[in-house]
Amino acid sequence: MKKQIENRTDVAFLVNHFYDKIRADEEIGFYFNEMISDWEAHLEKLTDFWETNLFGVRKYKGNPHAVHNEVDAHFDEKITSNEFGIWLNHWFQTIDEYFEGENADTLKRRARKMSTFLFMSMFKHRQKESEV
Ligand code: HEM
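Conventions adopted
- Residues numbered from 1 in each chain as written.
- Predicted model: local features only at pLDDT ≥ 70, side-chain atom pairs only at ≥ 80, totals over all residues.
- Heavy atoms only, no water.
- Helix = DSSP H or I, 4+ residues; strand = E, 2+ residues; numbered from the N terminus.
- Rg over C-alpha atoms; globule rule 2.2 N^0.38 Å.
- Buried < 20%, exposed > 50% of the residue type's maximum accessible area, 1.4 Å probe, protein only.
- Contact = heavy atoms within 4.5 Å.
- Areas by Shrake-Rupley, 256 points an atom, 1.4 Å probe, with all protein chains shown as cover.
- Lys, Arg positive; Asp, Glu negative; His and termini not counted.
- Charge placed at Lys NZ, Arg CZ, Asp CG, Glu CD.
- Donors = N, O, S within 2.8 Å, 3.2 Å for Na, K, Ca; no water.
- Patch = residues over 30% accessible without salt bridge, like charges linked within 9 Å, V, L, I, M, F, W, Y side chains within 5 Å.
- Salt bridge = Lys/Arg side-chain N within 4 Å of Asp/Glu carboxyl O.

**Student:** Even after reading the chapter, I still don't get the overall build of the chain, so can you show me in this structure?
**Tutor:** Looking only at helices and strands, the chain has six helices and zero strands in total. In the chain, the order of α-helices and β-strands from amino to carboxyl end is α-α-α-α-α-α. For 132 residues, the compact-globule estimate of 2.2 N^0.38 gives 14 Å, and the C-alpha radius of gyration of the chain, at 15 Å, lies within 12% of that figure. Dimensions along the principal axes, computed over C-alpha positions, put the chain at roughly 55 × 30 × 25 Å. Taken across its 132 residues, the chain has 39% of its residues classed as buried. Considering only residue pairs separated by 6 or more positions, the chain has 75% of its internal contacts joining residues 24 or more positions apart. Carbon and sulfur atoms provide 51% of the accessible area of the chain, an area that totals close to 8,200 Å². Averaged over its 18 positive side-chain charges, the chain has a centre that lies 7 Å from the centre of its 24 negative ones.

**Student:** I keep staring at the coordination of the iron atom of the ligand and nothing clicks. Help me out?
**Tutor:** Protein coordination of the iron atom of the ligand rests on one atom only, H68 (NE2), at 2.0 Å. Locating H68 in the fold gives a position in helix α4 (residues 64–74).

**Student:** Is there a simple way to think about unusual backbone geometry in this case?
**Tutor:** For D76, which is not a glycine, the phi torsion comes out positive at approximately 55°. Topologically, D76 is positioned in the loop between α4 and α5 (81–98). Positive phi, close to 55°, is recorded for E77, a residue that is not glycine. Structurally, E77 can be placed in the loop between α4 and α5. E77 sits in the partly exposed class, given a relative accessible area of 34%.

**Student:** Honestly, a positive patch on the surface in this entry has me stumped. Any pointers?
**Tutor:** There is a patch of like positive charges on the surface, built from R109, R110, R112 and K113. Tracing the backbone shows K113 in helix α6 (residues 102–131). For K113, a relative accessible area of 56% corresponds to the exposed category.

Structure (structure tokens):
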């Protein structure tokens, strides 16, 4: 039987293994490898993000929409649904590889939902930029 996602240690394990896949990905790895220099801090921040998301603890403070709009601008607004699809596939695969249960399902659902919001937010942001 696989493990349930029960605490921060499990979330950190998931985040670390997920980013191993992301960084090695031929199509989207460079977005991350180019923009992130302090990987230790990034992994810690993303562990905070998902721990906050899943367990309601107040750790992550940030604005993912603003950050992804910056990432999109940095790469000349070339990010498409393809990048989000690949990201989500790695997320689902990493979760399924190590975990099962309610929290595992919740993390899949939340990421899927958030990907739509982030992507739509990018579109809106691009439009605003072209109006000025
Ligand atoms: C699909 C759902 C996604 C989720 C849930 C997600 C979540 C996050 C979060 C929470 C952060 C940290 C934000 C902060 O600094 O406070 C982050 C950073 C980042 N994300 Fe995403 N992300 C997603 C998709 C993507 C995609 C598709 C790309 C690239 C094509 C991407 C590229 C990045 C990069 C490069 C950073 C680091 C930016 C920096 O520190 O300068 N993300 N992401």
